[in-house]
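Fold and contact review
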Amino acid sequence: MHRPAIILGIESSCDDTAAAVMKDGKILANITAGQEVHKAYGGVVPELASRAHQQHIVPVVDSALSRAGISRADLSAVAFTRGPGLLGSLLVGTSFAKGLSWALDIPLIEVNHMQGHILAHFIQEPDNTIETPTFPFLCLTVSGGHTQIVRVNDYFDMEIIGQTIDDAAGEAFDKIAKIMGLPYPGGPLIDKYGRAGNPEAFTFPIPKAPGLNFSYSGLKTSVLYFLRKELAKDPAFIEKHRDDLCASVQAIIVKSLILKLKTAAKETGISEIAIAGGVSANSALRNTLLDTGRKLGWNVFIPKFEYCTDNAAMIAIAGHHKYLKHEFAGLASAPSARLPFGNG
Ligand code: KG4
Ligand code: ZN
């Protein structure tokens, strides 16, 4: 008789406490608790994040299990985010996962957060409706901490072929939003206001970096100088032009991402193209990628919204594939804030 692989995934690398339950690669429950406490500070405060994870982890795991209709005794393994991320945050998920693995006597599985974002493309829905990419594919991974083009040869055989040399794309969204006086995280707000704005209202220089790399710190500075100049003439400039400013900034970031993705597709000859990470929730990026894909004959893969930003379903699917390979960790496993991408 087939014994199903039932994996509990736990994610706590930044400011979302998340748990998911997956059975044979199909998602049964995916729960995420965000942290409002950081809004007042304009960014994530590591110490507060860690404390909030401690408050959320037990109820989040319990509600994922009950939503899935799975008891702890049914679990085959527990997978957790080992890094990269904030050490104090990672420590909460890691300790919890280790405790559970020991108490239930089930395997413990380490997951690299960035690989999790990419493997989100393999999360299957219970009705089998998700079309998954074929290896090798290219994945543009864009989050608050990373901007990478990854050549994905297999589930755990991934190669970074381009990345940011300074700020990440999500960081650029958030920092520019902050300059405009918008609360943290500003990325989703720039997206929201940008929908009503004209993307050609203001022009900013398109960020340049060598080869397949990206750079966003220059864009942030040019927006800052532009706004300072305009605000000196009209203190209400930002309020008056909020939607156009958001649309224009977003258009430049999206343009620079798509430009490098086109070069990468051309250079590698790969036309299976995916996006992942928090910024892949951006509507302009999603639409532009679909348009570009139609024009260039790409097979485009865009995750469901709930699998773009940090979530535990992506940790569970990565855990599922490691479970099949019997790649388990020992109780000495420790979180790593700067966990390298690696191949495992
Ligand atoms: O992957 P993620 O949830 O966490 C990290 O691993 O960093 O990504 C968070 C980032 C933030 O910078 C946030 O502003 C950005 O993703 N983001 C967006 C959108 N939704 C989230 N940026 C632009 N448009 C969005 N709709
Ligand atoms: Zn992330």
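Residues numbered from 1 in each chain as written. Chains lettered and ligands numbered in written order. Predicted model: local features only at pLDDT ≥ 70, side-chain atom pairs only at ≥ 80, totals over all residues. Heavy atoms only, no water.

Some words on the side chain of Thr-292
Within the secondary structure layout, Thr-292 lies in helix 8 (residues 283-296). The exposure class of Thr-292 is buried, given its relative accessible area of 8%. A polar side-chain atom of Thr-292 sits 2.6 Å from the main-chain carbonyl oxygen of Thr-288. Sequence-distant contacts of Thr-292, defined by excluding residues within four places in its chain, comprise Ile-258, Lys-262 and Trp-298. (Helix = DSSP H or I, 4+ residues; strand = E, 2+ residues; numbered from the N terminus. Buried < 20%, exposed > 50% of the residue type's maximum accessible area, 1.4 Å probe, protein only. Polar contact = N/O pair within 3.5 Å; in protein donor to acceptor, adjacent residues only side chain to side chain. Contact = heavy atoms within 4.5 Å.)

Brief notes about the coordination of the zinc ion (ligand 2)
Distances from the zinc ion (ligand 2) to its protein donors, His-113 (NE2), His-117 (NE2) and Asp-310 (OD), fall at 2.0 to 2.2 Å. Between the donor residues of the zinc ion (ligand 2), the gaps in sequence give the motif H-x3-H-x192-D. In this pair, His-113 is assigned in helix 3 (residues 113-119) and Asp-310 in the loop between strand 10 (299-301) and helix 9 (313-324), connecting sequence segments 197 residues apart. Per residue, the accessibility class of His-113 equals that of Asp-310, and both read buried. (Donors = N, O, S within 2.8 Å, 3.2 Å for Na, K, Ca; no water.)

Remarks on the sheet that holds strand 8 (residues 157-163)
Read across the sheet, five strands follow the order 8-7-6-9-10 without closing on themselves; strand pairing throughout is mixed. Each edge of the open sheet is held by one strand with a lone partner, namely strand 8 and strand 10. Taken over all neighbouring pairs, the strand axes of this sheet differ in orientation by 25 degrees on average, direction set aside. As paired strands, strand 6 (residues 137-142) and strand 7 (residues 147-154) are joined by six bridges and run antiparallel to one another. Its bridge partner being in strand 7, Leu-138 is matched across the sheet by Arg-151. (Pairing = 2+ DSSP bridges. Axes fitted to C-alpha atoms, helices over the stretch in contact; angles between N-to-C directions.)

Concerning the packing of aromatic side chains
Per the stated rule, a full pass over the model turns up eleven aromatic pairs. Ring geometry for Phe-226 against Phe-237: centres 5.9 Å apart, planes inclined by 75 degrees, an arrangement best described as edge-to-face. Of the two residues, Phe-226 sits in helix 6 (residues 217-233) while Phe-237 sits in helix 7 (residues 237-268), which places them eleven residues apart along the sequence. Judged by relative accessible area, which is 18%, Phe-226 ranks as buried. If you follow Arg-242 out to its NZ or CZ, it ends over the ring of Tyr-193, 3.5 Å from the centre. If you follow Arg-286 out to its NZ or CZ, it ends over the ring of Phe-305, 4.0 Å from the centre. (Phe/Tyr/Trp six-rings, centres within 6.5 Å; stacked < 30°, edge-to-face > 60°. Lys NZ or Arg CZ within 6 Å of the ring centre and 35° of its normal.)

Notes on the pairing of strand 2 (residues 17-23)
Counting buried residues along strand 2, six of its seven residues qualify, which places the element largely inside the surrounding structure. Sheet topology note: the strand 1 (residues 6-11)/strand 2 ladder contains six bridges and is antiparallel. For Ile-10, the partnering residue across the bridge sits in strand 2 and is Ala-19. Counting the residues in the hairpin turn of strand 1 and strand 2 gives five residues.

Looking at helix 9
For helix 9, spanning twelve residues, the distance from its first C-alpha to its last is 17 Å, which sits close to the expected 16 Å at 1.5 Å a residue. Taken across its twelve residues, helix 9 has ten buried, putting it largely inside the fold. Within helix 9 the residues assigned to the buried category are Ala-313, Met-314, Ile-315, Ala-316, Ile-317, Ala-318, Gly-319, His-320, His-321 and Lys-322. The secondary structure elements touched by the buried residues of helix 9 are strand 1, strand 2, strand 3 (26-33), strand 4 (77-83), strand 5 (108-112) and helix 3. (Expected span 1.5 Å × (residues − 1).)

What to know about the domain arrangement of the protein
Looking at the protein, the domain boundaries give domain 1 (6-129 + 307-324) and domain 2 (137-306). For domain 1 versus domain 2, the separation of C-alpha centres amounts to 26 Å. Counting from both sides, the interface comprises 22 residues of domain 1 and, opposite them, 27 residues of domain 2. Here domain 1 packs against domain 2, burying approximately 2,200 Å² in sum over the two surfaces, 71% of which is carbon and sulfur. Counting the contacts that link domain 1 with domain 2 gives one salt bridge. (Domains from an automatic or database assignment. Buried area = accessible area lost by both parts, 1.4 Å probe. Salt bridge = Lys/Arg side-chain N within 4 Å of Asp/Glu carboxyl O.)

Details of the sheet that holds strand 5
Strand pairs in the sheet, formed through backbone hydrogen bonds, run parallel or antiparallel to each other. Reading across from one edge, 3-2-1-4-5 is the order of the five strands in this open sheet, with mixed pairing throughout. Each edge of the sheet is formed by a strand with only one pairing partner; in this case those strands are strand 3 and strand 5. In this sheet, neighbouring strand axes are inclined to one another by 20 degrees on average, regardless of whether the strands run parallel or antiparallel. Pairing of strand 4 with strand 5 involves five bridges; the strand directions are parallel. Residue pairing in the sheet places Thr-81 in a bridge with Val-111 of strand 5. Docked against the sheet, helix 1 (residues 46-68) engages strand 1, strand 2 and strand 3, running at close to 25 degrees with respect to strand 2. On top of the sheet, helix 2 (residues 87-104) reaches strand 1, strand 4 and strand 5; it is set at about 155 degrees to strand 4, its chief contact.

Some remarks on the site of ligand 1
Taken together, 19 residues lie near ligand 1, and Gly-144, Asp-174, Asp-191, Asn-282 and Asp-310 sit nearest. Contact between ligand 1 and Asp-174: an oxygen atom at 2.6 Å from a side-chain N or O atom of the residue. Measuring from a nitrogen atom of ligand 1, one finds a side-chain N or O atom of Asn-282 at 3.0 Å. Taken by itself ligand 1 offers 550 Å² of open surface, and the protein chains cover 89% of this. Those elements that provide at least two residues to the shell around ligand 1 are helix 3, helix 4 (169-179) and helix 5 (187-194). Looking at the shell around ligand 1 residue by residue, the class counts come to five nonpolar, eleven polar and three charged. (Near = heavy atom within 4 Å. Areas by Shrake-Rupley, 256 points an atom, 1.4 Å probe, with all protein chains shown as cover. Nonpolar A, V, L, I, M, F, W, Y, C, P; charged D, E, K, R; others polar.)

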